[in-house]
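Close look at the chain arrangement
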Amino acid sequence: MFTYPEKYKVIVVGGGHAGCEAALAASRMGCSTLLLTMNINNIALMSCNPAIGGLGKGQLVKEIDALGGEMGKAIDRTGIQFRILNTHKGPAVRSSRAQADRERYRLYMKKVLEDQPNLDLKQGIVEEIRVKNGKVLGVETNLKELFIGETVIICPGTFLDGLIHVGLVSFSGGRMGDFSSRKLSESLKKLGFRWGRFKTGTCPRLDGKSIDFSKLKPQYGDSPPSPFSFSTERVVQEQVPCFITYTNPKTHKIIRENLDRSPLYTGIIKGTGVRYCPSIEDKVMRFPDKDRHQIFLEPEGLETCEFYPNGLSTSLPLDVQIELLHSIEGLEEVKIVRPGYGIEHDYIDPTQLLPTLETKLIENLYFAGQINGTTGYEEAAAQGLIAGINAALKVKNKSPLILDRSQAYIGVLIDDLITRGTNEPYRMFTSRVEYRLSLREDNADLRLRELGYKIGLVEKEKYKRVKEKERIVEEEISRLKKLRIFPQKFINEKLKEWGTTPLKDSITLEELLRRPQITYKRLKLISKEVKDFLPSEEFQIEVQVKYRGYIERERREIQKFKRMEKIKIPLNFDFSKISGLSTEVKEKLLRFKPLSLGQASRISGITPAAISLLMVHLAQRKRNF
């Protein structure tokens, strides 16, 4: 056994999206950090679709950026099509999404990691977590190298005992072309962690030279593209379209006739799949009344001819994949570059984690990403960032960063995992977020920049910029409340043109802006008193005015939530001694070990009566002390 002489403050295992954010956060906070990964050339590789963001996920990326993470900057530099989704709906559910140049994204992130002070990159396969007296000591690789670290963050993605399926052929792998990590999985099980098995999958990659684009409908991005990062002024690289096609009854017939060769339908795959991103086999069987399913042909990059057929995830045999593709319009002669496949992998029950993502079982050991039962690059990166921040704060003997459900989508993500666990791969949606009108993607900087600045991940100039934005918005809203506009022929003609009621009496500009048809930009057209600001500032003014009543109501709900969260429960509190609680409730509380009354209330099966009893007991305990 060779023990490396350098001892690290933070060791990160895994170079995926979680590992990248964890390593960057810890090193940027001044901690000597080691990133260990199987293949340095595959750092930040997008194993599935070449895209960042999406419904509920765009909010996560914006929050990562506001806290000082890298994902938003990476996609701004390498994105080849940007779109804001749900623009026809309210701002609470709007989400950004961008197609990525897969290769440029990987190279960008690799370069950022290589250039980062306090960060070492090493290639190695971690096989064992070393623990002494209930505290992590370091990690051991397959080459019998021992790396000593004060904290360790495990970010293995789908590599924990990964098993790949293409039809009835199965083989070990973390993703196509990479080893799995069986011994690391065994090490975690030996340490006593409860675990389960999930399944995910990906689409075949297609040769663009063999696609008949003349039969397909192009889909263009927004012009100009809206960046993810609050630091990016504009996206400058070339933008390209995606293309739309559909499956048809012939496609569905081919799939149904070959289910006896599907690992999903023959019982070979045991793990639970992603309900919200089903394979094409699942779609056909679960929705027999639908005669077609939409397919987006997404370019993998500017310098490759590969296309990703989003919506065609499959683990069917290769010959069946070819046949079903050839039944689709525009793909009659298409050639497969890489086959689609399903992959099963281990995950650890996330209820064994603290809100910091430190494990309850082993001190200074953190988990982030798909090991916690999630799916998606954005969910992984968000967890990696929080784990990296908290590992750094732990070694500095500082208070941890814990985001609650009223502060961020990231807070909802982590709270859902550690409080409720998950029986299927967890994916973020806006519908999971109770206070989504307050937690919009457009105000992530106003919500979280200060936290990023205080922990040392956001530069002073960026923090000052967001404070200036906050000042501008508040002052302009206050000014609009005082300025009045009077009935005039020109103004009333414009109001009629925009589909809203003409003025009979004077009203304030703030009252006029509340109307659905009136935007801040239109307000400038009918009043010289309205000032010019940056588009992001004008949008904030508009949203805060239009939704003031709803936002105020949500703030009152948040205050109630905060009161429950403030009632803390000691880590080693003995719930079994509370008389009046049922055996089932006691067992759940002892298993989950909630840290606040609010968290206890969100555990499935914990009744309001049980919470009342617990509240009384905690109050008595506080008086006794």
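Residues numbered from 1 in each chain as written. Predicted model: local features only at pLDDT ≥ 70, side-chain atom pairs only at ≥ 80, totals over all residues. Heavy atoms only, no water.

The next thing to look at is the overall build of the protein. Check the secondary structure of the protein and you find 20 helices and 23 strands. A globule of 625 residues ought to have a C-alpha radius of gyration of about 25 Å, and the protein, at 26 Å, matches this closely. Taken over the C-alpha atoms alone, the protein extends approximately 85 × 75 × 50 Å along its principal axes. Taken across its 625 residues, the protein has 57% of its residues classed as buried. Long-range pairs, those at least 24 residues apart, make up 73% of the contacts in the protein between residues at least 6 apart in sequence. If you sum the accessible surface of the protein, you get close to 27,400 Å²; carbon and sulfur atoms cover 50% of it. Taken as two groups, the 100 positive and 79 negative side-chain charges of the protein have centres that lie 5 Å from each other. (Helix = DSSP H or I, 4+ residues; strand = E, 2+ residues; numbered from the N terminus. Rg over C-alpha atoms; globule rule 2.2 N^0.38 Å. Buried < 20%, exposed > 50% of the residue type's maximum accessible area, 1.4 Å probe, protein only. Contact = heavy atoms within 4.5 Å. Areas by Shrake-Rupley, 256 points an atom, 1.4 Å probe, with all protein chains shown as cover. Lys, Arg positive; Asp, Glu negative; His and termini not counted. Charge placed at Lys NZ, Arg CZ, Asp CG, Glu CD.)

Glancing now at the sheet that holds strand β14 (residues 205–207). Reading across the sheet, the 6 strands line up as β15-β16-β17-β18-β14-β19 and stay open at both edges, with antiparallel pairing between neighbours. Two strands lie at the open edges of the sheet, namely β15 (217–219) and β19 (336–338), each paired on one side alone. Neighbour to neighbour, the strand axes of the sheet diverge by 40° on average, direction disregarded. Two strands pair when backbone bridges link them, and β14 and strand β18 (residues 306–310) are joined in this way by 2 bridges, in the antiparallel orientation. Counted as the bridge partner of Asp-207 is Glu-306 from β18. (Pairing = 2+ DSSP bridges. Axes fitted to C-alpha atoms, helices over the stretch in contact; angles between N-to-C directions.)

A word on the packing of aromatic side chains. Enumeration according to the criterion identifies 12 aromatic pairs in this entry. Seen in terms of ring centroids, Tyr-520 and Phe-533 are 6.5 Å apart; in terms of plane orientation they differ by 45°. Their pairing is tilted. Highlighted residues: Tyr-520 in helix α15 (residues 520–526) and Phe-533 in the loop between α15 and α16 (535–546), separated in sequence by 13 residues. A residue is classified by how much of its surface remains accessible, and Tyr-520, at 1% relative accessible area, is buried. Look at Phe-573 and Phe-575: their rings are 5.0 Å apart centre to centre, the planes differ by 75°, and that puts the pair in the edge-to-face class. Of the residues examined, Phe-573 reaches a relative accessible area of 9% and is grouped as buried. (Phe/Tyr/Trp six-rings, centres within 6.5 Å; stacked < 30°, edge-to-face > 60°.)

This part takes up the pattern of salt bridges. Evaluation of the coordinates by the stated rule reveals 54 salt bridges. Note that Glu-300 and Arg-205 form a salt bridge whose closest N and O atoms lie 3.6 Å from each other. Separated by 95 residues along the polypeptide, Glu-300 in the loop between β17 (294–299) and β18 and Arg-205 in strand β14 bring together distant segments of the chain. Comparing Glu-300 with Arg-205, the two get one shared label, buried. Where Lys-494 meets Glu-497, a salt bridge forms, and the shortest distance between an N and an O atom there is 3.7 Å. Of the two residues, Lys-494 and Glu-497 both sit in helix α13 (residues 489–497), 3 residues apart, roughly one turn of that helix. Judged by relative accessible area, Glu-497 falls into the exposed class, the value being 56%. (Salt bridge = Lys/Arg side-chain N within 4 Å of Asp/Glu carboxyl O.)

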